[in-house]
Amino acid sequence: MSANDANNGRAAGDLDAQETREWMEALTAVIEKEGPERAHFLLEQLLEEARQHSVDMPFSATTGYVNTIEPSEEAHNPGNLELEGRLRAYMRWNAMAMVVKANRLNPADGGDLGGHISSFQSLAHMFAVGFNHFWHADNTDNGGTHGGDLLYIQGHSAPGVYARAFMEGRLTEEQLLNFRQEVDGKGLSSYPHPKLMPEFWQFPTVSMGLGPIMAIYQARFLKYLHARGIADTSQRKVWVFCGDGEMDEPESLGAIGLAAREKLDNLVFVVNCNLQRLDGPVRGNGKIIQELEGEFRGSGWNVIKLLWGREWDALLARDKDGALRKIMMDTLDGDYQAMKANDGAFVRKNFFGRDPRTLELVSKMSDDDIWALRRGGHDAQKVYAAFHRAYHHEGQPTVLLVKTVKGYGMGKAGEGKNTAHQTKKLSDEDIRYMRDRFNVPIPDSELPKIPFYKPADDTPEMKYLHERRKALGGYLPHRRAKSSESFTVPSLETFKAVLEPTAEGREISTTQAYVRFLTQLLRDQALGPRVVPILVDEARTFGMEGLFRQIGIYNPKGQQYTPVDKDQVMYYREDKAGQILQEGINEAGGMASWIAAATSYSTNNRIMVPFYVYYSMFGFQRIGDLAWAAGDMQARGFLLGGTSGRTTLNGEGLQHEDGHSHILAGTIPNCVSYDPTFAHEVAVIMHHGLKRMVERQENVFYYLTLLNENYAMPGLQPGTEEQIIKGMYLCKQAPALKADAPTVQLLGSGSILRESFFAQELLEKDWGVAANIWSCPSFNELTRDGQDAERWNLLHPTETPRTAFVTEQLGKTTGPVIASTDYMKNYAEQIRPFLPKGRTYKVLGTDGFGRSDFRSKLREHFEINRHYIVVAALKALSEEGKVPAAKVAEAIQKYGIKADKINPLYA
């Protein structure tokens, strides 16, 4: 023991330095003679013994700032490193050229299409190792047994993936030249977008944070499919690339506990730790790799750190007293960035120069040698060893924390600089530098054109490229647009119990109607097992607890405890092959599970039908970005917004009452949304959705809002099925009054349609007005239909105009039109342009925040109840000269309406 060490020991309160030395020497001997695994076992035994004696144990979830895998433990890279290096260089060049070309075009049109160069430059080694050695394609269509690995690509690195696909012959030079120029159908999307490139990209990942959480639930869904015997997913892995800055997003880390709890050893996170966000360092005053190691290790993940390239191995081997390791640990991320933004002399002075011992370590190295000391993510051998360890690890998910340089190889244009992310245009000098740095065989005379480079097909590197992918089953990324499976949806008659009127004296809610429909569907021998009910701890709220016993809750460990309600019929039953996904109080997790199931036709070639039911207020508002991503991914399934509407949820108040989810749903082009009032509407809509999504494999998903109000159901009027789907039908005709009686049309949806029924009675009894009642299950679908007709008419001026469905339905009637819903006025306002010409249109809605009270009081407050419908009808009639204005004032007084109260929008 050196004097310094002894002094340090005494300073730290070491009462017996000799005993300490003996323990340290014993540990070193075990490591050297029996290996680190034996040392780990002995330490664990000592720690457990200490815990049993209540010794206060200091805890650290981090290890030294060095590679997790010792050089002697590294799996050897079996590839041809020379050929892989050449291919990597060409891909770097082509990725750069693609972005730079896109930003030198069309100066008159702005001349700036954006794109990113630096992200892929930092990832190139990792992508190359993965594509060459680890990532399997789905070969089941060719008689194979591997369903394919799933890749969540770091969104900003898309140009590098395109560059590889170009080398493989999967993309043309014309497509590369049209990067970010998609309107004419020849281009490439800016980022991974399945909607825009449906046979290429599998997952949209550039909305940061969504990739990690979706991938975790995707990996869990693979286990779910396997446990239920639907697909053999035992060979498949989910690889997730994300940036260290991206880990600031709550969704990035929000579900890592689930991954460890369910032992998702089919999941590998690769965090590209280039230490930079978009604007500057991720943790300039700290160490993001150490922070992430603590987060993941503390959550139960297998953590592999890859920080240093092979050039550091010899230095670390000579670092007998740990001086270099200490400097590595003490240097802040902000300082590491400064090292890479300068040169070897700067690193010698400001890094190694911090301690005479480390300065001596590099005394025989030139400044160029020091500058050539690479970070681990840029060493193909080190990356292979890390990937190999992750690939073969069992019992835990793995995270690789790989240190890289953002803009690696870009030189002064962006390497390690805060501006690297925004660098989209390079000077001629910068382009020449990259050509020379990576030895790309392009002559000086061609450099101004920035040509793409692709060797001849018969060259060794191109043969190697294709051989490696052939060995791994084919090319990636690749997306299956349609499943090869086919199912026949049970006939609508199968759901007769939901379609028929309720028995006299019986009342149910549309939520109960949904549960009955779902229960019947589960009984179908073919399609029933493909149903995936997803809950976020609200089964009892929605009356679905009966499914616990019937189909069980998925838990990979089964049920290892005796549930407290075991003696009840509907006890809480967990099962290894359970069908329900119970996500706890976790809307984002529920949505991520739904996305995995809703895209299973593509990722697994297994058609699944997910039904995710949740409080409607906690749907699109809370997880809107995930819903948008679901649209991008061409998801197919049902979202059910329970306890919907601004006035239906007694007593819950502002943050529980939804008056806008249908407006949000309408912003997603392939989301088909409905606000049904009656059980038969629920059945017709869901049956039609099954036909579209399962039988016809259309890329749409459905959103239905459900109610917790009980009332008698009138049953299906035969012949109205198509009208229900289109968005409106006449559900109750006006009473027969005298011939000159004024007439109005009352429109509504959801719970407030029933107020129109009461309003119809009041209009007849109190004012002699006849009212037709129209159920409008979807103002959104009516709007889309109207806009489609309007567009067709605009572009076909000489042909017979098309008629919007709203116009067609109401064109057969007379009188003003009054719409009242439990949603904001904007919801029903959408159809105003499509009403027959000259018709007065009044819209009632629930603008404002929700609040607590009884339903009747809330509907009065928001001015949508039967009395306001009557007043609106009379006002519209008065504007058309059908009744005197005095009648409107009389009605206001008769029904006790406070005309001067504060507008509920501002109340």
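Above this text is the structure in question.
Attention in this report is confined to the structure presented alongside it. (Residues numbered from 1 in each chain as written. Predicted model: local features only at pLDDT ≥ 70, side-chain atom pairs only at ≥ 80, totals over all residues. Heavy atoms only, no water.)

1. A closer look at the nonpolar core
In this structure, Ile216, Leu267, Trp312, Phe351, Phe352, Met591 and Trp594 are the most contacted members of the largest nonpolar core, which totals 88 residues. Ranked by residues supplied to this core, first place goes to helix 8 (residues 210–227) with 11 residues. Residues in contact with leucine 267, not counting those within four places in the same chain, are Ala215, Ile216, Ala219, Val238, Val240, Ala259, Trp301, Pro397 and Thr398. (Core = buried A, V, L, I, M, F, W, Y, C linked by side-chain atoms within 4.5 Å. Buried < 20%, exposed > 50% of the residue type's maximum accessible area, 1.4 Å probe, protein only. Helix = DSSP H or I, 4+ residues; strand = E, 2+ residues; numbered from the N terminus. Contact = heavy atoms within 4.5 Å.)

2. Things to note about the pairing of strand 15 (residues 743–748)
Taking burial as the measure, the six residues of strand 15 include five buried ones, the bulk of the element. For strand 15 and strand 16 (residues 770–775), the ladder comprises six bridges, and the chain directions are parallel. Across the sheet, residue glutamine 745 finds its bridge partner in strand 16, namely asparagine 772. Viewed along the sheet, the connection from strand 15 through helix 30 (residues 753–767) into strand 16 turns out right-handed. Of the pairings in the sheet, the one linking strand 15 to strand 17 (residues 817–820) comprises four bridges and is parallel in character. Note that in strand 17 the partner of leucine 747 across the bridge is alanine 819. (Pairing = 2+ DSSP bridges. Right-handed = clockwise from strand over helix to strand, strands pointing away.)

3. Structural notes on the pattern of salt bridges
In this structure the tally under the stated criterion is 56 salt bridges. Among the ionic pairs, lysine 186 bridges to glutamate 174, the shortest N-O distance being 3.5 Å. On the criterion of sequence distance, the pair formed by lysine 186 in the loop between helix 7 (173–177) and helix 8 and glutamate 174 in helix 7 is long-range, its members being 12 residues apart. Residue arginine 357 pairs with aspartate 355 through a salt bridge whose shortest N-O separation is 2.9 Å. The class for arginine 357 is partly exposed, based on a relative accessible area of 43%. On the basis of relative accessibility, which here comes to 15%, the residue aspartate 355 falls in the buried class. (Salt bridge = Lys/Arg side-chain N within 4 Å of Asp/Glu carboxyl O.)

4. Observations regarding the sheet that holds strand 17
Read from one edge to the other, the open sheet built from five strands follows the order 14-16-15-17-18, with strand pairing classed as mixed. Either end of the sheet is taken by a strand with one partner, and the two such strands are strand 14 (729–732) and strand 18 (841–844). The sheet shows a mean angle of 30° between the axes of neighbouring strands, taken without regard to direction. Inspection of the sheet shows strand 17 paired to strand 18 by four bridges, in the parallel sense. Opposite valine 817, over in strand 18, you have tyrosine 841 as the bridge partner. (Axes fitted to C-alpha atoms, helices over the stretch in contact; angles between N-to-C directions.)

5. Details of the side chain of glutamine 745
Mapped onto the elements of the fold, glutamine 745 is located in strand 15. In this structure glutamine 745 comes out as buried when scored by relative accessible area, which is 0%. Setting aside anything within four residues of it in sequence, one finds glutamine 745 in contact with Asn772, Trp774, Leu810, Thr813, Thr814, Gly815, Pro816, Val817, Ile818 and Arg839.

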